[in-house]
Amino acid sequence: MADRGLVIVYTGRGKGKTTAALGIVLRAVGHGYKVGMIQFIKGEWYYGELTSSKRLEPEFEMIAAGKGFVGIIDDDHPIEDHQKAAGQAMAIAREKLASGAYDVLILDEINYAVKLNLISEQDVLDLIAARPQKTTVVLTGNYAPEKVIEAADLVTEMKEVKHPYQSGIKAKKGIDF
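Residues numbered from 1 in each chain as written. Predicted model: local features only at pLDDT ≥ 70, side-chain atom pairs only at ≥ 80, totals over all residues. Heavy atoms only, no water.

Focus: the pairing of strand 1 (residues 7-11)
Part 1: Here strand 1 lies mainly inside the structure; 5 of its 5 residues are buried.
Part 2: Here 4 bridges tie strand 1 to strand 5 (residues 136-140), and the two strands are oriented parallel to one another. Paired with I8 across the bridge in strand 5 is V138. (Buried < 20%, exposed > 50% of the residue type's maximum accessible area, 1.4 Å probe, protein only. Helix = DSSP H or I, 4+ residues; strand = E, 2+ residues; numbered from the N terminus. Pairing = 2+ DSSP bridges.)

Dropping the structure here:
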């Protein structure tokens, strides 16, 4: 069982889901493991992990496959564009898992992609079922579907207790993005 991968879910309305997944990246790369991260929503904005991830290559590969956050102020993409990007992210995830080359594959914001109807819950469950036995799969994003939670070995729910935005403090470079 030592070489059996896990299914890990980081969900909830609090901050820290992607950050927790990136913590796994640091640990896994430190052991020489091959790690992939596919971002289902993020993609058009600049955020720090785009640059820092390059420093961890070749053990870590990050793919920003999304078209950006859906339905927010500066989202100028029709929903069909977001659905197509999420479908392409699913195809990439299937390919990466099928290769057997990854010890850890992180599917960032995939739960949110299901909530937004960009991909189906069944697609996610099929992906989990098809993973190689040795591969740990990490799924992030709030609104994790109940069946995904049931399929997981570890589920952590991030709960917001206090947020700087409530005091008028905007997102901070190096902390939030």
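Observations concerning the side chain of T135
Part 1: With respect to the helices, strands and loops of the structure, T135 is situated in the loop between helix 5 (121-130) and strand 5.
Part 2: Residue classification places T135 among the buried positions, given a relative accessible area of 0%.
Part 3: In contact with T135, not counting residues within four places along its chain, are G5, L6, L97, Y102, D103, V104 and L105. (Contact = heavy atoms within 4.5 Å.)

Structural notes on the pairing of strand 5
Part 1: Among the 5 residues that make up strand 5, 5 are buried, leaving the element largely enclosed by the rest of the structure.
Part 2: Burial along strand 5 is two-sided: T136, V138 and T140 and V137 and L139, pointing in opposite directions, are all buried.

Comments concerning the nonpolar core
Part 1: Grouped together as the largest cluster of nonpolar side chains are 27 residues, with contacts concentrated most on I38, F40, L107, I110, I119, V124 and L139.
Part 2: Among the elements of the structure, strand 1, helix 3 (79-99), strand 4 (104-108), helix 4 (110-115), helix 5 and strand 5 are those that each provide at least two residues to this core.
Part 3: The greatest single-element share of this core, amounting to 5 residues, is contributed by helix 3.
Part 4: Setting aside residues no more than four positions away along its own chain, I38 makes contact with I63, A65, A89, I92, A93, K96, L105, I106, L107 and D108.
Part 5: One finds I24, V29, M37 and M62 within the second-largest nonpolar core, a separate group that totals 16 residues. (Core = buried A, V, L, I, M, F, W, Y, C linked by side-chain atoms within 4.5 Å.)

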